[in-house]
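# Remarks on the overall topology
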There are 2 protein chains.
Amino acid sequence: MAEPNFQEAPTAVRSRRSGGRSARVAARRARLPLGGVVAPAVITRKIPSYELLDEDALQRLEAHAEWILREIGIEFRGDAEALRLFKEAGATVTGARVRFDTGLARALCSTAPRSFLMEGRDPAASITLGGDHLVLMPAYGPPFVTDLDGGRRYATIEDFCNFVKLTYASPWLNHSGGTLCEPVDLPVNKRHLDMVYAHLRYSTKPFMGSVTAPERAEDSIAMARLVFGEAYLEDHCVIQGNINVNSPLVYDDVMSGALKAYARANQSVVVSPFILGGAMGPVTQPALLAQAHAEAMAGIALSQLVRKGAPVVYGNFLTTMNLKTGAPTFGTPEANLSTFAIAQLCRRLGLPLRCGGHLTASKVADGQAMQESVASMMAGILAGTNFVFHAAGWLEGGLTIGYEKFAMDLDHCGMLLRMLRGLTIDDAGLAAEAYREAGPGEAFLGTAHTLAHFETANYLSDLTDTDSYEQWAENGRHDLERRANRCWKQMLADYQAPPLDPAIDEALRDFMARRKAALPDQWH
Amino acid sequence: MAEPNFQEAPTAVRSRRSGGRSARVAARRARLPLGGVVAPAVITRKIPSYELLDEDALQRLEAHAEWILREIGIEFRGDAEALRLFKEAGATVTGARVRFDTGLARALCSTAPRSFLMEGRDPAASITLGGDHLVLMPAYGPPFVTDLDGGRRYATIEDFCNFVKLTYASPWLNHSGGTLCEPVDLPVNKRHLDMVYAHLRYSTKPFMGSVTAPERAEDSIAMARLVFGEAYLEDHCVIQGNINVNSPLVYDDVMSGALKAYARANQSVVVSPFILGGAMGPVTQPALLAQAHAEAMAGIALSQLVRKGAPVVYGNFLTTMNLKTGAPTFGTPEANLSTFAIAQLCRRLGLPLRCGGHLTASKVADGQAMQESVASMMAGILAGTNFVFHAAGWLEGGLTIGYEKFAMDLDHCGMLLRMLRGLTIDDAGLAAEAYREAGPGEAFLGTAHTLAHFETANYLSDLTDTDSYEQWAENGRHDLERRANRCWKQMLADYQAPPLDPAIDEALRDFMARRKAALPDQWH
């Protein structure tokens, strides 16, 4: 994998810690000889966002979202507390249905921070969500794993740990992710413990905890407390939950329960409407945009009712289907247009945005995989997203994480981070002296300007093949997937675990053992 | 290949023809029972362009381009006429070097039309270059051809004809291209005749003639006159020449000679600086942008000195190199940023823009091919280009045209054309009634709104695989390249030649025979 070859220094975001216990925790963490984080944890966007829709169109979408919230409403099923909170806040509650007067949901969202710091256990790995910042996270959720050697199979905890390690080793991902894959060799009701442990043990980057049941969210938060300190979480975000809306227009009690658990602990939730147009919403993009906006606002409103100021991300997973077969499709023009538009809606709300991803329906890391992934990711990045799920490894509509695809996506992430730096038009870049040295018809390769800049001018990919046909043929005619196979193996071979205070490690293991002993295994 | 499934009617642009001979020619052409053009010949852009740079940065680049034109100058080698024309126009000419006072080149460019009609021999295939229009053209120039069955080999006239036919059959390409591949089985000094004939015989879409020698340009124009009528070309553009600048800062007499031949005949030239950063210019993008701008303006200025108002396209081929190996690289972040910027510079000049393309260094139609191609093409389309060379088939840095890559690129062109239509936020799209019909938690698949819109809502790709893993495995585990192999073969099998008036066909064949007899074969 390419070394970071551009000039942006990996600036660490330092949290503003006050004295007392927090200061002691910080000091303890700072003493740890934590492994070097190779990623630029802080990625700052220096290019403008693409503005697809004009003011009229945006107002029309916002008005339609308000209409959905007011006339149709959102259901919070099986969650009496949520219904009570909404009622107290002035919403109209009928059964599980919550209806919001125009402007109410938006007003409730307004107490969420525009951006926030999310801390890694190495402060140098901390990230900012929101503003001009970008956070890239690997795939989330696949039950299967694939690689060129072993083919497609159910994922295991070993695969999970491998992807935590690969993410840690990547210079381009600054978030360790959540359920990188489902370790199906572990019981359903206990695997979250091993996943959270792996993030904390094998990486220092910020990570996500479990959301599959409120008590698993609590376990995840408890483990974070063991590492960061009990009280530290009160005013520092160190863990995150991904709340997928049960679209259309529903939050079930699992999702609202996990949302409340994280918000209550002042930890971050990402509220992601999950909509395949035609199934969980109408087939036309304008409707889907308004619906996604309404669904996101309702969930974010709940987080703020649970705890005003709790850090949230406005999420989005809105894609298309093949309407002849019902199969989900990714990186499509309709989905990409919606990405541009949802980003505009989110910016007007003033919240951190999740969208984009290296998404594909392809079963293998082929041309389709990269065509769909790159189109989807270019749209997300140009749209101005702050947070990208599935930035590496996603295949088969999220059913599979691929080792080769992971390496291929990483390389493209590196390219996009270079693109985010934009162009600086200054004397050094304009190179007047080079034209005085090499005139018309002359080669610029030997000029002083070229020699001074050639190492840093361009992103350098080690995965892309630019050899001559003859060299390439002599080297075995390897396509990108084959080269990526070598790449991830080398990354794993080179991986070095960051140190972890043995006392903390023991506390984590002890917690896991106790929780596992307290519950019978569940396998579905 | 997917049928055009979106609603934009393939509107034919009708030329405003006056009476006399032109009218008679038009009538003769209109009488021909020309084959149906399946492409929407007129593709109108309904999304905004991405504006990367701010006013200050753009002014700085423009000032630097003027500095290059004024202080360094451009050489027109071996072309006394060009030097005389520039001198008469007020430039400072020293040997072959032409230096332009600030504003002179820009002023000379100002007589070129902002947009123009380019006619196909079927009026329904005519295109507009400039404004809100987009023209997509296949690969140009590869000496090699490849497909999954036969592998990589030198291209022949049979391959050339195949790609003309595939382009004609494509609903997404509205320009037949020029040297789709080099038919190396024909003599160097005669193959242009067969290429022009193939465009005129097997397609009705607008095409490019030869530029490899001024007399070959003249032959190409003469053949167009046989089809469109001798005088018709005086005020109608029906053929085009691609003028690659001999960057850095040089036009040789072959390029300036071909440029003058087309401009003199009032036919279009595309003036394309051809710059690999670090070789034909400095290694930093700001310098390359200013240089490309200066080179393009100088060539366009010459076209206008030859014939005021001659139709031109402001071209651009500006990419990067792997600076450790010297190999050209494509779809890179630096190249894509430059695409955004050059489009802004061109818009300020007010001319039709050529940039973008499905470009790649990959030898095969793999993940790398699509990663690089899609990134490059997304950048070009979002930048606001009017004309894309290499929109289909390009491999190996332009050394090879691939049959499978061609089909894969076509499909992505279809997606981009859908993206260009943008989002219309209206009642039909907002689908209020669908929410009344299907509430929270209910499926939208059966709503009246979905049934009314599902056939036209989304671009439908036949090449993308969205089957389940099990179906896909049962069907042979084909990747995109393998599916594309079936696709182009089916397209060729289904191809039907458009009719051509036998008298015109005979005139073309007679012209070719006479020209071939008049010259001894040259093979290099």
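What you are looking at is a predicted structure, and each value in this text was computed from that prediction instead of being measured. (Residues numbered from 1 in each chain as written. Chains lettered and ligands numbered in written order. Predicted model: local features only at pLDDT ≥ 70, side-chain atom pairs only at ≥ 80, totals over all residues. Heavy atoms only, no water.)

Another aspect to go through is the overall build of chain A. A count of helical and extended segments in chain A gives 18 helices and 20 strands. Relative to the globule expectation of 24 Å for 524 residues, the C-alpha radius of gyration of chain A, 23 Å, shows essentially globular dimensions. Counting only C-alpha atoms and orienting by the principal axes, one finds that chain A spans roughly 75 × 60 × 50 Å. Within the span of chain A, comprising 524 residues, buried residues form 66% of the whole. When the accessible surface of chain A is summed, it comes to about 16900 Å², and 50% of that surface belongs to carbon and sulfur atoms. Between the mean site of the 51 positive side-chain charges and the mean site of the 59 negative ones, chain A shows a separation of 7 Å. (Helix = DSSP H or I, 4+ residues; strand = E, 2+ residues; numbered from the N terminus. Rg over C-alpha atoms; globule rule 2.2 N^0.38 Å. Buried < 20%, exposed > 50% of the residue type's maximum accessible area, 1.4 Å probe, protein only. Areas by Shrake-Rupley, 256 points an atom, 1.4 Å probe, with all protein chains shown as cover. Lys, Arg positive; Asp, Glu negative; His and termini not counted. Charge placed at Lys NZ, Arg CZ, Asp CG, Glu CD.)

Right, let's talk about the side chain of Asp-366 of chain B for a bit. Relative to the helices and strands, Asp-366 of chain B resides in the loop between α10 (333-349) and α11 (367-383). Among buried charged residues, Asp-366 of chain B stands out as having no salt bridge; its nearest opposite-charge side chain is Arg-483 of chain A, 4.5 Å away. Among the polar contacts listed, one links the side chain of Asp-366 of chain B to the backbone nitrogen of Leu-480 of chain A, at a separation of 2.9 Å. Residues within four places of Asp-366 of chain B in sequence aside, it is in contact with Asp-366, Gly-367, Asp-479, Leu-480 and Arg-483 of chain A. (Salt bridge = Lys/Arg side-chain N within 4 Å of Asp/Glu carboxyl O. Polar contact = N/O pair within 3.5 Å; in protein donor to acceptor, adjacent residues only side chain to side chain. Contact = heavy atoms within 4.5 Å.)

A few words now on the sheet that holds strand β10 (residues 207-208) of chain B. Residue and element names in this part refer to chain B. What the four strands build is an open sheet, ordered β10-β11-β13-β15; its pairing is parallel. Taken across any chain shown, the strands that pair with only one partner, and hence form the sheet edges, are β10 and β15 (312-314). Taken together, the three bridges between strand β13 (residues 268-272) and β15 define a ladder with parallel strand orientation. Its bridge partner lying in β15, Val-271 is registered against Tyr-314. Packing of helix α9 (residues 285-306) onto the sheet brings it into contact with β13 and β15, and relative to β15 it is tilted by some 175°. (Pairing = 2+ DSSP bridges. Axes fitted to C-alpha atoms, helices over the stretch in contact; angles between N-to-C directions.)

With that settled, the discussion passes to the relation of the copies chain A and chain B. Of the transformation superimposing chain A on chain B, the axial component is 0.0 Å and the angular component is 180°, with the fit at an RMSD of 0.0 Å. Both chain copies can therefore be described as sitting about a two-fold axis. Scanning chain A for the C-alpha nearest the rotation axis identifies Gly-367 of chain A, at a separation of 2.1 Å. (Least-squares fit on C-alpha atoms with pLDDT ≥ 70 in both.)

Each side of the interface is counted separately: chain A has 110 residues, and chain B has 110 residues. The contact between chain A and chain B buries some 9000 Å² in all, and 70% of this surface belongs to carbon and sulfur atoms. Our enumeration of links across chain A and chain B arrives at six salt bridges. For Arg-418 of chain B, the salt bridge goes to Glu-334 of chain A, with nearest N and O atoms at 3.4 Å. Seen at the junction of chain A and chain B, the total is 40 residue pairs in polar contact (both at pLDDT 80 or more). With ten residues, helix α11 (residues 367-383) of chain A is the largest single contributor of residues to the side of chain A that touches chain B. For the side of chain A that touches chain B, the residue count by class is 59 nonpolar, 29 polar and 22 charged. (Buried area = accessible area lost by both parts, 1.4 Å probe. Nonpolar A, V, L, I, M, F, W, Y, C, P; charged D, E, K, R; others polar.)

Residues and elements named next belong to chain B. Going residue by residue along strand β8 (residues 144-147), you find Phe-144 and Thr-146 tucked away on one face and Val-145 and Asp-147 tucked away on the opposite face as well. Pairing analysis gives four bridges linking β8 to strand β9 (residues 151-154), with the strands arranged antiparallel. In the strand pairing of β9, Phe-144 is matched with Tyr-154. Counting the residues in the hairpin turn of β8 and β9 gives three residues.

All names here are of chain A. One can describe the packing of helix α5 (residues 157-169) onto helix α17 (residues 480-494) by two numbers: an axis separation of 9 Å at closest approach and a directional angle of 90°. The angle between the axes of α5 and α17 places the two elements in the roughly perpendicular class. In this structure, α5 uses Asn-162, Lys-165, Leu-166 and Ala-169 to contact α17, whose residues at the interface are Trp-488, Met-491 and Leu-492. (Parallel < 35°, antiparallel > 145°, perpendicular 65-115°, else oblique.)

Residues and elements named next belong to chain A. Residues with a pLDDT of 70 or more make up 92% of chain A, whose mean pLDDT is 92. With pLDDT under 50 throughout, residues 1-39 is counted as low confidence; its partners more than four residues away or in other chains account for 103 contacts. Scored as a complex, the prediction yields pTM 0.93 and ipTM 0.92. (pLDDT = per-residue confidence, 0-100.)

Here we take up the sheet that holds strand β17 (residues 327-329) of chain B. All names here are of chain B. Within the open sheet, the three strands sit side by side as β14-β16-β17. Their pairing is mixed. Each edge of the sheet is formed by a strand with only one pairing partner; in this case those strands are β14 (274-276) and β17. Sheet twist, expressed as the mean angle between neighbouring strand axes with direction ignored, is 40°. In this structure, strand β16 (residues 317-322) lies alongside β17, joined through three bridges in antiparallel fashion. From the neighbouring strand, Thr-320 faces β17, where its bridge partner is Thr-329.

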